[in-house]
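Observations on the three-dimensional arrangement
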Amino acid sequence: MSPRSKIAYVDGRRLKRAVLAACDHGQQIKAELNRINVFPVADGDTGTNLSLTLDAVASGLAGSRETRVDHVAAAVARSALLGARGNCGMMLSQFLLGFASELEGRVRASLDDIASALVAGARSLDGAVEDPVEGTILTVVRDSATKAVAEGDGDGAGDFAEAMARVLETARESLARTPDLLPVLAEAGVVDAGAMGFVQMLEGVVHLIEEGDHEAAGQGLVAEDVVSNLSRPDWSPIGGVSHPFTHGTRRYCTEILVEGPNLPSEKIVRAALSEGTEELLVIRSEEILKVHLHTDEPQSAIDYCATLGTVTAHKAEDMLAQFEAARRAGEDAVRRPVGILVDSGSDLPEAVVRAHGIHVVPLLLIEDGKTLRDGIDVTAEEFHARLEDGRTLPSTSQPPPGDFIAAFERASGDAEVVIAVLVAAALSGIYRSAENAASMVPDLDIRLVDSEAASLLVGLLALKAAELAEAGLPADDIVAEVRRIRRQSGILFTVRNLDRLIASGRVSQFAGWFGGILDLKPVLGVGPDGRIKAYGKARGSSRARRLLMETVAAEIPDDVHKVRFGVVHVAAPETAQRVCEELRQRHGDAEILVSPITPTISTHLGPGAWGIAYMVED
């Protein structure tokens, strides 16, 4: 171990490094946290939920060059809130919001400042939980914050290196006491999974301080002297639990993300949702509201939240099905029965991807010999800006089999069966690449679904698959239902002009010239066979919008009870908003997802293009 150097303050750069180290270290014990997760429900998903939350935090910090400690703390808290999954993710995000609030206005922070922020975070968490239970992450966070205050010297000159090592020692001791405070943990012979995840995050910070490189962090478990019995391979804590609900009785773990300018306070929302629910957590930050609850009627909670603002994402997982899957795992890694994977051509909004833990394989762009990953190295909005100003565009490429193999392996770490819903084989080589990859990993259970669709219709079908998986349906039934729904669903789109379609070879030069003279706008779609189909043309943008809207309405039977929409666009958010308003006027409170079109597709459509996907579920 290298000698410690004194650390007198934390600025934005240092806080970023510390948070990334915590995220990296916390994700390393995902499988172990799932295995020991018996409270409040023995559903074996604490590790997965914490990992997904930390991934959202790390992604939110990617590329940040912020130097102010308060700005980095605020960005971390916001990313955690948007990406929070499960009880542990929600509690962590509440803690981080309190932590960030205390640092507001500070360019850099002393040990005393950070200690005060830790205490504020602990108080924020304590105040947010309606039915606090000791022996959980609540206890360990509070004990750690108290120790941090004790380590300060009151004049802001304390040493982070010494203090954080002692805070970690206190956190380990607090973790070891969790079975003494919570009988269900003692009965199962485990410590609290969420608390263990928090301690592992502190381990990452201390490792960074001592070794200087969070990427070199080891794979060991926290406090091995305290929880050494957890490594016994012949023992399944969840398998020894007689009933899934060790605290409470409600069946569906429900999470709802709401965005809007006039959201009510947490107190009002808690009062509205408290009856008949358990594990209720409500967090509001500016124009974002996140709700977590256990309930037997998830749709009622979703419907209520829809009255508050725009429901950006929601999910409801059957915890009884999760418990049964965890019990079946026995001594093996605890995984959910079915996981969902898509390619980034599905245009699923990030909030939806994170809410359901959907795996995404990025499409590729090639520029000057450099490969850019869609959604990671370049966003749709960045690419749309390049389309608008006429700059030279990179070429597009499908993911090679190696990318799919890596994605299949990651997804199979979370799920026993992986269902991949992919862009139509008739439109792209993506499906063929996935087929080749699946043949190279015969030990993995991969089910490929040719969506015979494009853009957000693929995304809507994948979302439906994720919801069916969360409801406990087996893989074969999910695949069959997705294919049934596809036969009665569709997607239509139009373009501002034909320039990009001509450049991509989709429309002849003569047809483009003639259409330009007459200001003709084609209305195109993807037919049931996955191929592009012409639905008509109109002169001018207003008439094209009317034709597309009327065509979509005509495609949806009058007696349909449940239909969902997706609105996509290329650098045309105002048009997308207008289309959403018209859809609501025609179809009432139907759910609508809105997303910019991925670069791979938008390069062929050009700025101003937009479309509507509709998914009929009856």
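Refer to the structure presented above.
Read on for a plain summary of the structure. Treat the numbers as computed from the prediction; the structure is a model and nothing was measured.

Looking only at helices and strands, one finds 24 helices and 17 strands in the chain. A globule of 618 residues ought to have a C-alpha radius of gyration of about 25 Å, and the chain, at 25 Å, matches this closely. C-alpha extents for the chain along the principal axes are approximately 75 × 50 × 50 Å. Counting over 618 residues, the chain shows a buried share of 57%. A fraction of 76% describes how many contacts in the chain between residues 6 or more apart in sequence connect residues 24 or more apart. Carbon together with sulfur atoms contributes 48% to the accessible area of the chain, which is approximately 25500 Å² in total. Separation between the mean location of the 61 positive side-chain charges and that of the 90 negative ones in the chain comes to 6 Å.

Moving on, we get to the pairing of strand β1 (residues 252–259). For β1, a buried count of 6 out of 8 residues is recorded, marking the element as mostly surrounded by other parts of the structure. Alignment of β1 against strand β3 (residues 288–295), held across 8 bridges, turns out to be antiparallel. In the sheet register, Y252 faces β3, and the bridge partner there is T295. Both β1 and strand β4 (residues 310–318) contribute to a ladder of 8 bridges, which runs antiparallel. From the neighbouring strand, T254 faces β4, where its bridge partner is A316.

One can find E255 in strand β1. Owing to a relative accessible area of 3%, E255 belongs among the buried residues under this scheme. Ignoring anything within four residues of it in the chain, the contact list for E255 reads A84, R85, G86, V291, H292, A313, H314 and K315.

Attention now goes to the side chain of H294. Turning to its location among the elements, H294 is positioned in strand β3. The class of H294 is buried, set by a relative accessible area of 3%. Contact partners of H294, with chain neighbours within four places excluded, come to P40, V41, R250, Y252, C253, G276, T277, E278, E279 and M319.

On to the nonpolar core. Residues L341, F404, F408, I419 and L448 are the most contacted members of the largest nonpolar core, which totals 157 residues. Counting residues per element, this core draws most heavily on helix α18 (residues 455–470), which supplies 11 residues. Those residues in contact with F408 that sit more than four places away from it in its chain are L341, A420, A434, A437, A438, V441, L444, I446 and L448. Listed in part, the 20 residues of the second largest apolar core include V552, C580, Y614 and V616.

Attention now goes to the sheet that holds strand β5 (residues 336–343). Sheet architecture is open: 4 strands sit in the order β6-β5-β10-β11, paired in parallel fashion. Each having just a single partner strand, β6 (359–361) and β11 (445–450) make up the two edges of the open sheet. Taking the axes of each pair of neighbouring strands and ignoring which way they run, one obtains an average angle of 25 degrees across the sheet. Direction of pairing for β5 relative to strand β10 (residues 415–422): parallel, over a ladder of 6 bridges. Residue pairing for β10: V342 is matched across the bridge by V421. Here helix α17 (residues 430–440) sits on the sheet in contact with β5, β10 and β11, set at roughly 165 degrees to β11.

Further remarks concern the pattern of salt bridges. One pass over the structure, following the stated rule, counts 30 salt bridges. Note that R106 is salt-bridged to D113, the shortest N-O span being 3.6 Å. On the basis of relative accessibility, which here comes to 35%, the residue R106 falls in the partly exposed class. Across the pair R564 and E617 runs a salt bridge whose closest N-O atoms are separated by 2.7 Å. A residue pair is termed long-range when its members are at least 10 positions apart, and R564 in strand β15 (residues 563–569) and E617 in the segment after β17 (610–616) qualify at 53 residues. Like E617, R564 is buried. In this structure, a network of salt bridges that share partners links the residues K464, E467, K562, R564, E591 and E617.

This part is about the packing of helix α3 (residues 46–61) against helix α5 (residues 86–103). In the contact formed by α3 and α5, the axes pass within 7 Å of each other and the chain directions differ by 40 degrees. By the angle between their axes, α3 is oblique relative to α5. In terms of crossing hand, the pair formed by α3 and α5 is right-handed. Packed against α3, whose contacting residues are T46, N49, L50, T53 and L54, the element α5 presents G86, C88, G89 and L92 at the interface. Among the residues making up the contact of α3 with α5, the classes are represented as 4 nonpolar, 5 polar and no charged.

Our next topic: the pairing of β3. For β3, a buried count of 8 out of 8 residues is recorded, marking the element as mostly surrounded by other parts of the structure. A two-sided burial pattern is seen for β3, the buried positions comprising I288, K290, H292 and H294 on one face and L289, V291, L293 and T295 on the other. Examined bridge by bridge, strand β2 (residues 277–285) and β3 share 7 bridges and lie antiparallel to one another. Residue pairing in the sheet places R284 in a bridge with L289 of β3. Following β2, the chain reverses through 2 residues before pairing antiparallel with β3; E286 in that reversal takes a positive phi of roughly 55 degrees.

Another aspect to go through is the packing of aromatic side chains. Enumeration over the complete set of coordinates arrives at 3 aromatic pairs. Note on F404 and F408: the rings are 5.8 Å apart at their centroids and 40 degrees apart in plane angle, and the pair reads as tilted. One end of the pair, F404, and the other, F408, are both in helix α16 (residues 401–414), 4 residues apart, so they sit about a helical turn from each other. In this structure F404 comes out as buried when scored by relative accessible area, which is 0%. A connected cluster of aromatic rings, assembled from ring pairs, spans F95, F99 and F198.

Reading the values: the criteria
- Residues numbered from 1 in each chain as written.
- Predicted model: local features only at pLDDT ≥ 70, side-chain atom pairs only at ≥ 80, totals over all residues.
- Heavy atoms only, no water.
- Helix = DSSP H or I, 4+ residues; strand = E, 2+ residues; numbered from the N terminus.
- Rg over C-alpha atoms; globule rule 2.2 N^0.38 Å.
- Buried < 20%, exposed > 50% of the residue type's maximum accessible area, 1.4 Å probe, protein only.
- Contact = heavy atoms within 4.5 Å.
- Areas by Shrake-Rupley, 256 points an atom, 1.4 Å probe, with all protein chains shown as cover.
- Lys, Arg positive; Asp, Glu negative; His and termini not counted.
- Charge placed at Lys NZ, Arg CZ, Asp CG, Glu CD.
- Pairing = 2+ DSSP bridges.
- Core = buried A, V, L, I, M, F, W, Y, C linked by side-chain atoms within 4.5 Å.
- Axes fitted to C-alpha atoms, helices over the stretch in contact; angles between N-to-C directions.
- Salt bridge = Lys/Arg side-chain N within 4 Å of Asp/Glu carboxyl O.
- Parallel < 35°, antiparallel > 145°, perpendicular 65-115°, else oblique.
- Left-handed = near helix turned anticlockwise from the far one by under 90°.
- Nonpolar A, V, L, I, M, F, W, Y, C, P; charged D, E, K, R; others polar.
- Phe/Tyr/Trp six-rings, centres within 6.5 Å; stacked < 30°, edge-to-face > 60°.

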